[in-house]
Amino acid sequence: MLNKLLLIAALLPLGVFAQERQRQNFDEGWKFHLGNAADPHRDFNYSIGNILAKTGDAANTAIKLDFDDRDWANVALPHDWAVGLSFEHVRNGDVDSHGYHAVGALFPENSIGWYRKAFIPDRKDSGKRFVLQFDGIFRDSKVWINNCYLGGHFSGYSGSSYDITDFLRFNAKNVIVVRVDASQYEGWFYEGAGIYRHAWMNVVNNMHLALNGGVFVHTHDGQVTIETKVERGEGVAGPATVSAYIVDRKGAVVARGEGNAGGAGMVLNVSQPVLWTLDNPYLYRAIVLLRSEGRTMDSVNVRFGIRTVTVDADKGLLLNGVPVKIHGVCCHQDHAGVGSALPDYLQYYRIGLLKEMGVNAYRSSHNAPTPELLDACDSLGMLVLDETRLLNSGAEYGADFEQQLLRDRNHPSIFMWSIGNEEWMIQTSNTGKLIAQHQILRQQELDPTRTCTYAANVGNVFHGVNEVIPVRGFNYNLGGLDGYRRDHPHQPIMGTEVASTVSTRGIYIKDTVNAYVPDYDSVAPPWASTAEYWWRIAADREWFMGGFAWTGFDYRGEPTPFRWPDINSHFGIMDMCGFPKTVYYYYQSWWTDKDVLHIAPNWNRSGKEEGKPMAVWVNSNADNVELFLNGKALGKKEMPRNGHLEWMVNYAPGKLEAVAYKKGRKITAMVETTGEPYRIVVTPSKNSLTADGEDAIVYNCSVVDKQGREVPDAQNILHFTMRGGGAIIGVGNGDPSSHEPDQVSGDGWQRHLFNGHCQVIVRATVNPGGNGVFSATGDGLLPAQAEVKLQGVN
């Protein structure tokens, strides 16, 4: 990145970067300790000490500048303290829906978190403004600096910022204190707890482009429009102008312009632009300079893509004039091992897994996503339906929605906004209609380049939100789809939430004791459907834009159709680690041009199922498939479009093989009975780590028998170490009923394989040079190691 910026700087006028704002990562060096929501004495005297009587009086609390926090834990952000808590079986619907982690009002000893961070600002910056920024704290946070209260923020899904300039002590110790109260749930799914997104320190001149929404870049064909908003400190006057430079991927300036700050903005023309598409997500940069009286006051670097999105009631969604059927998934934001505190790399890893399956659109359910998720979608070519937390136009949630619009509107991946989800109390009422009208108007004011939808879990119902929403969103209820289209032919329609098939990876029978469901596209709750049911409807209707399957990945909470011991959902097309389930191959068959041929179940049934009939599913996009068991033909079948094939096979150990033909080409796949686990196999997601304290790597672990065949039903416990360059931050295996800890302190990292797989996530440390070594061991198994090259920060 640094080399590219140096190249860009060489091509721009002298002094462009001289007054560039500072955006300092503020993730390192935090101290953490649990408080207590029920006992003020164990909450560091909070609510006992009178901290509100006088500014700067922190009483005898953890807010004090000189409070002794030496015995507090050292943590780096992002940080989710809930993921490391135990599981508690409590008969409470909200605890159930949050995955039984011991956090929330019933667990006051685990639901308050205190953070402290000391830093020393340099006096040379004393003439500038310092703005502390948090991208997300769950939830109800209060912030102080140097004993002085800065403010609070209610929601756990939107960012907050505080101008701390007046309170700073230059060339001296300053202390920021954050109290986080996760007692009150905000959703009905796992939400985590803590400062689970990045923190930043922004240092700007007293005249600067607004930190949120100060530059708005939008495009049409080769025209790039740049709008700006300037903020001025008290007493700062004088005219302000802006200069803008459009830079391509190679660093060459392809367009430039000048104009007055604010106002209607400037229009720059890019000759023969490279368009942002799903297959070639080409990104430009807009470098915008703010000048006043001959000085460069601020500069902002914005990534953007040149593309045109069209929504048509008859043709559906078009990207750059080309029809795109939405192959979408809804996703919550947590991942195995790390909860809601994902390293940035995991966002790219997860989007890459979805792309491999054939997904082209992502719905951020049900809240504003972390900015790094949007960066990943911009870079990898994934459309985004950007959803807000609540359909609510009140002061607090209304402001959160405005902040989300301003923060995210430069991202080319976002093709539409969602103003809410399944607000069943108000969605068919006049109240819901009025709130929706307010939010729609605000969206159109702040981002007139896009439209919006609402995720309504009703069928052919028009009254309420659906009367005013530009794009009708269907959550399930597809039986009312054609009737709604007939009655409202001029309103575009999309499936904002569909499917909700439930399955457990590698399990092929219903198991009510362990809370598992079969790994086929065969079971769905009463309100939902199979993948095949909804996709056939979508594929056959040009006007139906497609939809977002619930969900791309399993997630903590909402255990369905079971409860305890199940602690996370079964809805995912992949499990919590990103290991595919059988339904994955259905979508991949019809959402990609890849040669897909997949057989389920695995063939390790010896001693259990000999001679018994077994349902064999084949997912493929071939023209026909023939099945063989130990060389004996079991029949040839034609593959129905957007369907799958089934055989009933009397089980016998050996080899089950599928032979398919696709446009005359032969494709084969096989499952076979393996031997016992013999050797561990470690598969890293990449081969290098940037030693910046932020990068990460995923190690997927499996075992093979003596013949090198992966053992698909292995349940061995594995032990892990990382030596040099990184630290293990989480483990998982995709088992929805596993109560093993996702995180441990110090050494002792371990995890059982679940049906042949488990996962370890390693975060980089600040230690460039040399190699790191990841090791996996297990009783009676040959160990495995993987070296990772450590790279310095560019």
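Preceding this paragraph is the structure being described.
Here the structure is a predicted model, which is why all the values come from computation and not from measurement. (Residues numbered from 1 in each chain as written. Predicted model: local features only at pLDDT ≥ 70, side-chain atom pairs only at ≥ 80, totals over all residues. Heavy atoms only, no water.)

### Some words on the overall build of the protein
Thinking step 1. Summing up its helical and strand segments, the protein has nine helices and 46 strands in all.
Thinking step 2. A compact globule built from 794 residues would reach a C-alpha radius of gyration of about 28 Å, and the protein, at 27 Å, matches this within 12%.
Thinking step 3. In terms of overall dimensions, the protein has a C-alpha envelope of 85 × 60 × 55 Å along the principal axes.
Thinking step 4. Counting only residues that meet the buried cut, the protein has 59% of its 794 residues in that class.
Thinking step 5. Within the protein, residue pairs in contact and separated by at least 24 positions form 69% of the contacts whose partners lie at least 6 positions apart.
Thinking step 6. Surface accessibility of the protein: about 30,600 Å² in total, with carbon and sulfur atoms responsible for 49%.
Thinking step 7. When the 73 positive and 88 negative side-chain charges of the protein are each reduced to one mean point, those points stand 3 Å apart. (Helix = DSSP H or I, 4+ residues; strand = E, 2+ residues; numbered from the N terminus. Rg over C-alpha atoms; globule rule 2.2 N^0.38 Å. Buried < 20%, exposed > 50% of the residue type's maximum accessible area, 1.4 Å probe, protein only. Contact = heavy atoms within 4.5 Å. Areas by Shrake-Rupley, 256 points an atom, 1.4 Å probe, with all protein chains shown as cover. Lys, Arg positive; Asp, Glu negative; His and termini not counted. Charge placed at Lys NZ, Arg CZ, Asp CG, Glu CD.)

### Description of the sheet that holds strand β5 (residues 129-134)
Thinking step 1. Pairing within the open sheet is antiparallel, and its four strands lie in the order β1-β10-β5-β8. Strands at the two margins of the open sheet, each flanked by one partner only, are β1 (22-25) and β8 (160-163). On average, each strand axis in the sheet is tilted by 20 degrees relative to the strand beside it, whichever way the strands run.
Thinking step 2. Bridge count between β5 and β8: four bridges; the pairing is antiparallel. Looking at the pairing, Gln-133 lines up with Ser-161 of β8. (Pairing = 2+ DSSP bridges. Axes fitted to C-alpha atoms, helices over the stretch in contact; angles between N-to-C directions.)

### Structural notes on empty space enclosed by the protein
Thinking step 1. Applying the stated criterion to the full structure yields eight cavities of 30 Å³ or more.
Thinking step 2. Quantified by volume, the largest cavity comes out at close to 200 Å³.
Thinking step 3. In this structure, the largest cavity is lined by 21 residues; those nearest its centre are Arg-197, Gln-333, Gln-347, Thr-370 and Leu-373.
Thinking step 4. Of all the secondary structure elements, the ones that give two or more residues to the lining of the largest cavity are α3 (344-357), β24 (361-364) and α4 (371-380).
Thinking step 5. The leading source of residues in the lining of the largest cavity is α3, at three residues.
Thinking step 6. Partitioning the lining of the largest cavity into residue classes produces eight nonpolar, nine polar and four charged.
Thinking step 7. In terms of residue class, the lining of the second largest cavity is made up of five nonpolar, six polar and five charged. (1 Å grid on protein atoms, 1.4 Å probe; cavity = no way out; pocket = protein on both sides within 12 Å on 5 of 7 lines; lining within 4 Å. Points joined across faces, edges and corners; volume = space filled by probe spheres on them. Nonpolar A, V, L, I, M, F, W, Y, C, P; charged D, E, K, R; others polar.)

### Considerations on the sheet that holds strand β38 (residues 679-684)
Thinking step 1. With antiparallel pairing, four strands are arranged side by side in an open sheet as β38-β40-β44-β42. Bordering the open sheet on either side are β38 and β42 (726-732), each of which pairs with just one other strand. When the angles between neighbouring strand axes are averaged without regard to direction, this sheet yields 25 degrees.
Thinking step 2. Looking at chain direction, β38 and strand β40 (residues 696-704) are connected through six bridges and run antiparallel. Across the sheet, residue Pro-684 finds its bridge partner in β40, namely Tyr-699.
Thinking step 3. In this fold α3 packs onto β40 and β44 (758-764), with an angle of close to 55 degrees to the strand it touches most, β40.

### Structural notes on the nonpolar core
Within soluble globular proteins, side chains that are nonpolar tend to cluster in buried spots.
Thinking step 1. Core analysis: the biggest nonpolar cluster contains 75 residues, and Leu-354, Ile-419, Trp-534, Tyr-587, Trp-603 and Val-625 have the highest contact counts within it.
Thinking step 2. It is helix α9 (residues 582-591) that provides the largest number of residues to this core, a total of six residues.
Thinking step 3. Formed by 64 residues, the second largest nonpolar core is a distinct cluster that contains Val-83, Val-103, Phe-170 and Ile-195. (Core = buried A, V, L, I, M, F, W, Y, C linked by side-chain atoms within 4.5 Å.)

### Let's talk about the packing of aromatic side chains
Thinking step 1. For the coordinates displayed, the defined rule picks out 38 aromatic pairs.
Thinking step 2. Centroid distance Trp-30 to Phe-134: 6.3 Å. Interplanar angle 55 degrees. Geometry classified as tilted. Of this pair, Trp-30 sits in strand β2 (residues 30-34) while Phe-134 sits in strand β5, and the two are 104 residues apart along the sequence. Neither residue differs from the other here; Trp-30 and Phe-134 are each classed as buried.
Thinking step 3. Taken together, a centroid distance of 5.7 Å and an interplanar angle of 50 degrees make the contact between Tyr-516 and Phe-754 tilted. Of this pair, Tyr-516 sits in the loop between β29 (493-499) and α8 (531-539) while Phe-754 sits in the loop between β43 (749-752) and β44, placing them 238 residues apart in sequence. Considered together, Tyr-516 and Phe-754 belong to a single accessibility category, that of buried residues.
Thinking step 4. Aromatic rings pair up to connect Phe-44, Tyr-46, Phe-67, Trp-72, Trp-114, Trp-144 and Tyr-149 into one cluster.
Thinking step 5. One residue, Lys-117, lies across the ring of Phe-26, its end atom 4.5 Å from the ring centre.
Thinking step 6. Taking NZ or CZ as reference, Lys-686 lies 4.0 Å from the ring centre of Tyr-345, over its face. (Phe/Tyr/Trp six-rings, centres within 6.5 Å; stacked < 30°, edge-to-face > 60°. Lys NZ or Arg CZ within 6 Å of the ring centre and 35° of its normal.)

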